[in-house]
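One-letter residues, chain by chain:
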Amino acid sequence: MTIAVASGVLDAVIEERRVSRRQYAIIGMVVFAAALWSAWGTEFNVPKLMEGLPHIYALGERMLPPDFSILKDLAGPMIETLEMALLGTTIPIFFALPLAFLAAVNTAPNPLVSIIVRLFIGIFRTVPELIWAMVLVTAVGLGPFPGVLALVLHTIGGLGKFYYEAIESTDPGVMEAMQAAGASRFKVIWYGVMPNVLPVMMSSTLFYWEYNNRASTVLGLVGAGGIGLALTHALQDFRYPEVVTCLILIVLILVIIDRISAFLRGKII
Amino acid sequence: MNIEADQTTMVEVRNLTKAYGSSAPAIEDISLSFKKGEFIVLLGPSGVGKSTLLRCLNFLVRPTSGIVKINGQELGALSKKGLLQARHHIGMIFQEFNLVNRMSVLMNVMCGRLGTLGTWRALTYNFSPEDHEAAVRALVRAGLEDQELYLRRADTLSGGQKQRVAIARMLIQEPKVILADEPIASLDVMMRAQIMDLIKDIAQRDGLTVVMSLHQLDVAKNYADRIIALAQGQVTFDGPPNELTDAVIERVFNKPADEIDEEQTVEITEAPAE
């Protein structure tokens, strides 16, 4: 009797495995087919890449050696880029934090507010900062200011989502204990939620600071200031040795910032 | 019977019903009244509405209909602010202690004063010296004399110590009523007796009404002045422990009385001992 039961269980396990193997096979085929279709759609072409290789080599020759004489002229734009990233990360904190408490289902005054605020956070986040920058450059003119605004808008969306997810993962029992002691909504949030979610929030803020440093280098492409603008000009004028200098500087600074951010995040948790 | 118990009614519940959504009500048409100093145990297996009834007593759960009066004050008639003030005098402890992990022990205890803390002080986490002193007194009374613990983070404590901190947080509210939701379910056997003794002792000295949900029959019999058993959201037994016969127990737990004791022992040995 017991053996019969055991073999029945075994059969079930084998059948389950068979089904899951078939599912993986189907998923694999679908993804492969989609990739093929995309390669056709994007005219992905390996021979063409091979033909292009000599051109890339020639370009490389024209780029080297890098022109380091312009470094002192790049210092200004580079610092501007870092400043854009810093402002683009710190300003959104003050907007993302209250919005997150309105969006999180466990702290929202009512479900409707939560849905509406989430919608806004979603829109801010979904529009890439480059698109925000293009729109804002048209509105307020060239320079780093529209760049900062673009970062601010996108980061409010990004941080808002990180923040409300952190809030929603908080222990409901602690909030309940605060309520039971007669704490107002604000005090429940400030004492029952903040201490536990603060490390996660700081960590995601640092992540966005990192991200914004990368993003702000690109913003110059649409005329929104910083090192990206210098890079664009050098490219447009075919001053390839200067382009390389820009790239080296950007990569170097970004690596340093990633290290700083990783170090700080390690300290938090 | 508790000597402290007098005839003053401390908790009164009339025709209390709570339904979540459109499903069958968690509790239905319950009317009860508890005297000052009475030690009440709400008994029954989980899911019979003990937790809902308990949370209706401080309006953490708002009843669908019916009246709750604490110390003569009808909770449903209070303003938002009035309800917060009323809650300040109703202490509550929980199965999972519900401390703020990343806060110090002392800070956790002072959270019991949030109901009266000014907004500016609350914003800056700046409790007054009096609050600090009261917190230390409460901790000592809850059996945590070791001052080295006070500045440690709450999540570094053992389960028993955590429940003592939670009791101190409740004491600092100077409550008239203590609500306790399965306060010993997450503790090991040794700790259970200590925590139960502590709550009983505090309640007797201060003349506090205790309303405690439990599923351990033996503990309920040892400590309660009065046991109230719930089944399907309604009161099936209400009386002193000595009237809780095997026949009643079978009806409450839906199985023979001797089997329940066995199950309790098994459960106790398997309880998570932090």
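Residues numbered from 1 in each chain as written. Chains lettered and ligands numbered in written order. Predicted model: local features only at pLDDT ≥ 70, side-chain atom pairs only at ≥ 80, totals over all residues. Heavy atoms only, no water.

Focus: the packing of helix H5 (residues 129-140) of chain A against helix H6 (residues 144-168) of chain A
Residue and element names in this part refer to chain A.
(1) Moving on: It is at 8 Å that the axes of H5 and H6 come closest, and there the two elements cross at 140°. With respect to H6, the element H5 is oriented oblique. Seen along the crossing, H5 lies across H6 with a hand that is right-handed. Residues Glu-129, Trp-132, Ala-133, Leu-136, Val-137 and Val-140 of H5 form the contact with H6, whose participating residues are Phe-145, Pro-146, Leu-149, Ala-150, Leu-151, Leu-153 and His-154.
(2) Moving on: Partitioned by chemical class, the residues of the contact of H5 with H6 number 11 nonpolar, 1 polar and 1 charged. (Axes fitted to C-alpha atoms, helices over the stretch in contact; angles between N-to-C directions. Helix = DSSP H or I, 4+ residues; strand = E, 2+ residues; numbered from the N terminus. Parallel < 35°, antiparallel > 145°, perpendicular 65-115°, else oblique. Left-handed = near helix turned anticlockwise from the far one by under 90°. Contact = heavy atoms within 4.5 Å. Nonpolar A, V, L, I, M, F, W, Y, C, P; charged D, E, K, R; others polar.)

Regarding the pattern of salt bridges
(1) Moving on: Under the defined criterion, the tally for this structure stands at 19 salt bridges over all chains.
(2) Moving on: Residue Arg14(B) is joined to Glu12(B) by a salt bridge in which the shortest nitrogen-to-oxygen separation is 3.4 Å.
(3) Moving on: Between Arg153(B) and Asp155(B) there is a salt bridge, and its shortest N-O distance comes to 2.8 Å.
(4) Moving on: When its relative accessible area of 35% is taken as the criterion, Arg153(B) is described as partly exposed.
(5) Moving on: Among the residues examined, Asp155(B) registers a relative accessible area of 30% and is labelled partly exposed.
(6) Moving on: Within the structure, one salt-bridge network assembled from shared partners comprises Glu176(A), Arg55(B) and Asp181(B). (Salt bridge = Lys/Arg side-chain N within 4 Å of Asp/Glu carboxyl O. Buried < 20%, exposed > 50% of the residue type's maximum accessible area, 1.4 Å probe, protein only.)

Focus on the environment of Ile199(B)
(1) Moving on: Tracing the backbone shows Ile199(B) in helix H7 (residues 189-206).
(2) Moving on: Separated by 69 residues in sequence, Ile199(B) and Glu130(B) have C-alpha atoms that sit 24 Å apart.

Section: the sheet that holds strand E1 (residues 9-18) of chain B
Residues and elements named next belong to chain B.
(1) Moving on: In space, the 4 strands of this open sheet follow the order E2-E1-E4-E5, with antiparallel pairing throughout. The two strands at the open ends of the sheet, each matched to only one other strand, are strand E2 (27-35) and strand E5 (73-74).
(2) Moving on: By the bridge criterion, 5 bridges tie E1 to strand E4 (residues 65-70) in an arrangement that is antiparallel. Within E4, the residue paired with Val-11 across the bridge is Ile-70. (Pairing = 2+ DSSP bridges.)

Here we look at the interface of chain A and chain B
Many descriptions give the size of an interface as the accessible area lost when the pieces come together.
(1) Moving on: Opposite the 21 residues of chain A that make contact, chain B presents 28 residues.
(2) Moving on: Both faces combined, the contact of chain A with chain B buries some 2,100 Å², and carbon together with sulfur accounts for 62% of it.
(3) Moving on: The interface formed by chain A and chain B includes 1 salt bridge.
(4) Moving on: Here Glu176(A) makes a salt bridge to Arg55(B), at a shortest N to O gap of 2.4 Å.
(5) Moving on: The interface formed by chain A and chain B includes 8 residue pairs in polar contact (both at pLDDT 80 or more).
(6) Moving on: Where the side of chain A that touches chain B is concerned, the elements lending two or more residues are helix H7 (172-180) and helix H8 (185-219) of chain A.
(7) Moving on: Among the elements that line the side of chain A that touches chain B, the one with the most residues is H8(A), at 8 residues. (Buried area = accessible area lost by both parts, 1.4 Å probe. Polar contact = N/O pair within 3.5 Å; in protein donor to acceptor, adjacent residues only side chain to side chain.)

Some details on helix H3 (residues 71-103) of chain A
Residues and elements named next belong to chain A.
(1) Moving on: For H3, which comprises 33 residues, the first-to-last C-alpha distance of 46 Å matches the rise-based estimate of 48 Å (1.5 Å per residue) to within 8%.
(2) Moving on: Along H3, the helix axis deviates most sharply at Ile-93, where the bend reaches about 35°.
(3) Moving on: Along H3, the positions that sit buried rather than exposed are Leu-74, Met-78, Thr-81, Met-84, Ala-85, Gly-88, Thr-89, Pro-92, Ala-96, Ala-100, Phe-101 and Ala-103.
(4) Moving on: In the core, the buried residues of H3 are packed alongside helix H4 (111-126), H6, H8, helix H9 (227-236) and helix H10 (240-268). (Expected span 1.5 Å × (residues − 1). Bend = angle between axes of the 7 residues up to and from the residue.)

As for the packing of aromatic side chains
Geometrically, a pair of aromatic rings is defined through the distance of the ring centres and the angle of the planes.
(1) Moving on: Here the structure, examined in full by the defined rule, presents 10 aromatic pairs over all chains.
(2) Moving on: Taking 5.9 Å as the distance between ring centres and 25° as the angle between the ring planes, the aromatic pair formed by Trp190(A) and Tyr125(B) counts as stacked. A residue pair is termed interchain when its members come from two chains, as with Trp190(A) in helix H8 and Tyr125(B) in the loop between helix H4 (119-123) and helix H5 (129-141).
(3) Moving on: Classification of Trp190(A) as partly exposed rests on a relative accessible area of 21%.
(4) Moving on: Residue classification places Tyr125(B) among the partly exposed residues on the basis of a relative accessible area of 28%.
(5) Moving on: These aromatic residues form a ring-pair network of at least three members: Phe186(A), Trp190(A), Tyr191(A), Tyr125(B) and Phe127(B). (Phe/Tyr/Trp six-rings, centres within 6.5 Å; stacked < 30°, edge-to-face > 60°.)

Concerning unusual backbone geometry
(1) Moving on: Despite not being glycine, Glu43(A) shows a phi value in the positive range, around 55°.
(2) Moving on: Turning to its location among the elements, Glu43(A) is positioned in the loop between helix H1 (2-41) and helix H2 (46-63).

Side note on the domain arrangement of chain A
(1) Moving on: Here the domain parsing of chain A yields domain 1 (1-41) and domain 2 (71-268).
(2) Moving on: Centre-to-centre, using C-alpha coordinates, domain 1 of chain A lies 41 Å away from domain 2 of chain A. (Domains from an automatic or database assignment.)

Description of the nonpolar core
(1) Moving on: Core analysis: the largest hydrophobic core is formed by 87 residues, its most contacted members being Met178(A), Tyr191(A), Leu139(B) and Ile167(B).
(2) Moving on: Take this core: its biggest share by element is 8 residues, from H8(A).
(3) Moving on: Apart from the residues lying within four places of it in its own chain, the contact partners of Ile167(B) are Ile93(B), Ala142(B), Ile195(B), Leu198(B), Ile199(B) and Ile202(B).
(4) Moving on: Ile27(B), Val48(B), Leu53(B) and Phe94(B) belong to the second-largest nonpolar core, a separate cluster that totals 33 residues. (Core = buried A, V, L, I, M, F, W, Y, C linked by side-chain atoms within 4.5 Å.)

A few points about the environment of Leu130(A)
All names here are of chain A.
(1) Moving on: Mapped onto the elements, Leu-130 comes out in helix H5.
(2) Moving on: Along the sequence, Leu-130 and Ser-216 sit 86 residues apart, while their C-alpha atoms lie 9.1 Å from each other.
(3) Moving on: The residues contacting Leu-130, other than those within four sequence positions of it, are Val-218, Leu-219 and Val-222.

Some points on the packing of H2(A) against H10(A)
Residues and elements named next belong to chain A.
(1) Moving on: Here H2 crosses H10 at 85°, and the two axes come no closer than 7 Å. On the basis of their axis angle, the class for H2 and H10 is roughly perpendicular. On H10, the residues that touch Leu-59, Arg-62 and Met-63 of H2 are Tyr-240, Pro-241, Val-243 and Val-244.
(2) Moving on: Partitioned by chemical class, the residues of the contact of H2 with H10 number 6 nonpolar, no polar and 1 charged.

Quick word on the pairing of strand E10 (residues 234-239) of chain B
All names here are of chain B.
(1) Moving on: Bridge count between strand E9 (residues 226-231) and E10: 5 bridges; the pairing is antiparallel. Considered in E10, the bridge of Ala-231 is made with Gln-234.
(2) Moving on: Adjacent in sequence and paired antiparallel, E9 and E10 are bridged by 2 residues, among which Gln-232 carries a positive phi angle near 45°.

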